[in-house]
Amino acid sequence: MTSTAVSVPMPMIPRKRRSPEEVAAAAPVDGPRKVLLAAPRGYCAGVDRAVIAVEKALEHYGPPVYVRKQIVHNLHVVSTLEEQGVIFVEETDEVPEGATVVFSAHGVSPAVTQSAVDRGLQTIDATCPLVTKVHREAVRFAKNEFDILLIGHDGHEEVEGTFGEAPEHIQIVNGPEDVDKVEVRDPEKVIWLSQTTLSVDETMETVRLLRDRFPTLQDPPSDDICYATSNRQVAIKKIAPEADLVLVVGSANSSNSVRLVEVALEYGAKASHRVDFANEIDEAWFEGIQTVGVTSGASVPEVLVREVLDLLSDYGFGDVEEVVTAEEDIIFSLPKELRATLKAAGDSSRGLGGHARPTS
């Protein structure tokens, strides 16, 4: 069977830039230029785990390894894995019968899992454990006949997966603008859950409006927005008021990366742009700029941030101050489907994620 690869846009071709001297002359600034580098940034434990799972599958089973959807929402990661022998597909029916398929970090619905079983596929479930937690919450509250208000972006893979756990009990609430549309069976049995990569502030505003309508609305047993999403937003909130420009490294389909741009602007950055690669940066953005904030989404490898810092240095932003707002030491075990294979092969890579990979 011929597989249809997931569509991945190609990186921009580097263009001829104006020189640093030309940019400086166009809009001089008084005083030294500097970079405020957010920490934490980049890979979270769930992303690290998912990427390593695919790498280990390639190493132990050999190419091709099939992955449903993008393993994580990052163009560089997907392109690199494709070069190593990964075939990304949209659905399991594109995978040859009996082959191995990896489910992405964003999770899948029970219907997708059953489809893989029906086709005799060997599956490796790389769903982030924090997403799995939300799935379990949905199942639990559906069994107890709650109406579940799932705050998230309709059409996002993570939301589709969670919704699929209990479609008859779940309503998707995209944001504050959807609150008035919500209808429930029993206002005394309503709970909200959320996509893990949302803006913390917007989510809580949505919850506030929902609670105005349903005063006994229950909160999830624990925070659904993941620690990494929250931490990266806290870091950029601290940097934004001091930044003339904030650069967020991340892909357009990365929800948490897009949210970082919005948070930067909301908290005082004069301008903010998201880029996949340093070659997408327009040097005109540096005109009249003294302080640049830099961060990256939770699915971004550090090499891409370093390339941005190198470019900034070329344009006079060589003074880099790291702004640390949290320390992350979360570690997740690899998917259970892989662990037996690794043990038999004498591979001791059992618990990976978080600081399992260096950030510099």
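Residues numbered from 1 in each chain as written. Predicted model: local features only at pLDDT ≥ 70, side-chain atom pairs only at ≥ 80, totals over all residues. Heavy atoms only, no water.

### Quick notes on the pattern of salt bridges
Phase 1: Considering all chains together, one arrives at 25 salt bridges under this definition.
Phase 2: With a shortest N-O distance of 3.9 Å, glutamate 91 and lysine 69 are connected by a salt bridge. You can see glutamate 91 sitting in the loop between strand S3 (86–89) and strand S4 (100–103) and its partner lysine 69 sitting in the loop between strand S2 (65–68) and helix H3 (75–83), a full 22 residues away along the chain.
Phase 3: Judged by relative accessible area, glutamate 91 falls into the partly exposed class, the value being 32%.
Phase 4: For lysine 237, the salt bridge goes to aspartate 201, with nearest N and O atoms at 3.2 Å. Of this pair, lysine 237 sits in helix H8 (residues 227–239) while aspartate 201 is found in helix H7 (residues 200–213), placing the two residues 36 residues apart along the sequence.
Phase 5: When salt bridges with common partners are traced through the structure, they connect Arg17, Arg18, Glu283 and Glu287 into a single cluster. (Salt bridge = Lys/Arg side-chain N within 4 Å of Asp/Glu carboxyl O. Helix = DSSP H or I, 4+ residues; strand = E, 2+ residues; numbered from the N terminus. Buried < 20%, exposed > 50% of the residue type's maximum accessible area, 1.4 Å probe, protein only.)

### Examining the sheet that holds S2
Phase 1: The sheet built from 4 strands is open, its strands ordered S3-S2-S4-S5 with parallel pairing. The outermost strands of the open sheet, each flanked by one partner alone, are S3 and strand S5 (122–125). Neighbour-to-neighbour, the strand axes of the sheet open up by a mean angle of 30°, direction not taken into account.
Phase 2: Relative to S3, S2 runs parallel, the two being bridged by 4 bridges. Each bridged residue has a counterpart across the sheet, and for valine 67 the counterpart in S3 is phenylalanine 88. (Pairing = 2+ DSSP bridges. Axes fitted to C-alpha atoms, helices over the stretch in contact; angles between N-to-C directions.)

### Focus: the confidence of the model for the protein chain
Phase 1: Within the protein chain, residue pLDDT values average 92, and 92% of them lie at 70 or more.
Phase 2: Low confidence marks residues 1–5, where pLDDT is under 50. Its contacts with residues over four positions away, or in another chain, come to 14 contacts.
Phase 3: This model gives residues 356–360 a pLDDT under 50, and the stretch forms 11 contacts once residues within four places in sequence are excluded. (pLDDT = per-residue confidence, 0-100. Contact = heavy atoms within 4.5 Å.)

### Some points on the pairing of strand S7 (residues 170–173)
Phase 1: Two strands pair when backbone bridges link them, and strand S6 (residues 147–151) and S7 are joined in this way by 4 bridges, in the parallel orientation. In the sheet register, isoleucine 148 faces S7, and the bridge partner there is isoleucine 170.
Phase 2: The β-α-β motif built from S6, the intervening helix H6 (residues 157–163) and the parallel element S7 has right-handed crossover chirality. (Right-handed = clockwise from strand over helix to strand, strands pointing away.)

### A short note on the nonpolar core
Phase 1: Counting 34 residues, the largest nonpolar core has Ile71, Val72 and Val102 as its most contacted members.
Phase 2: Elements that contribute at least two residues to this core include exactly helix H2 (45–61), S2, H3, S3, H8 and helix H11 (336–344).
Phase 3: Looking at this core element by element, the count peaks at 9 residues for H2.
Phase 4: The residues touching valine 72, leaving out its near neighbours within four places in the chain, are Val47, Ala50, Val51, Val77, Val78, Ala105, His106 and Ser299.
Phase 5: Judged by nonpolar contacts, the second largest core, of 24 residues, contains Leu75, Leu245, Ile281 and Val300. (Core = buried A, V, L, I, M, F, W, Y, C linked by side-chain atoms within 4.5 Å.)

### With respect to the sheet that holds strand S10 (residues 272–275)
Phase 1: Strand order in the open sheet made by the 5 strands is S10-S9-S11-S1-S12, with parallel pairing throughout. Looking at the sheet topology across the chains shown, the edges are occupied by S10 and strand S12 (319–324). When strand polarity is set aside, the average angle formed by the axes of neighbouring strands in this sheet is 25°.
Phase 2: Sheet topology note: the strand S1 (residues 34–39)/S12 ladder contains 6 bridges and is parallel. When the bridges of S12 are listed, alanine 38 appears paired with valine 323.
Phase 3: Along the sheet, helix H9 (residues 255–266) makes contact with strand S9 (245–249), S10 and strand S11 (291–296), crossing S10 at roughly 165°.

### Examining the side chain of histidine 135
Phase 1: Along the chain, the position of histidine 135 falls in helix H5 (residues 129–143).
Phase 2: Filtering out sequence-adjacent residues up to four positions away, histidine 135 remains in contact with Val108, Glu158, Gly161, Thr162 and Glu165.

### Quick notes on unusual backbone geometry
Phase 1: Omega for the peptide link from alanine 39 to proline 40 comes to 10°, which places this bond in the cis form.
Phase 2: Mapped onto the elements of the fold, proline 40 is located in the loop between S1 and H2.
Phase 3: Cis geometry is adopted by the peptide bond preceding proline 64, which originates at proline 63 and carries an omega value of -5°.
Phase 4: Along the chain, proline 64 falls in the loop between H2 and S2.
Phase 5: At lysine 69, a residue that is not glycine, the phi angle is positive and equals roughly 65°.

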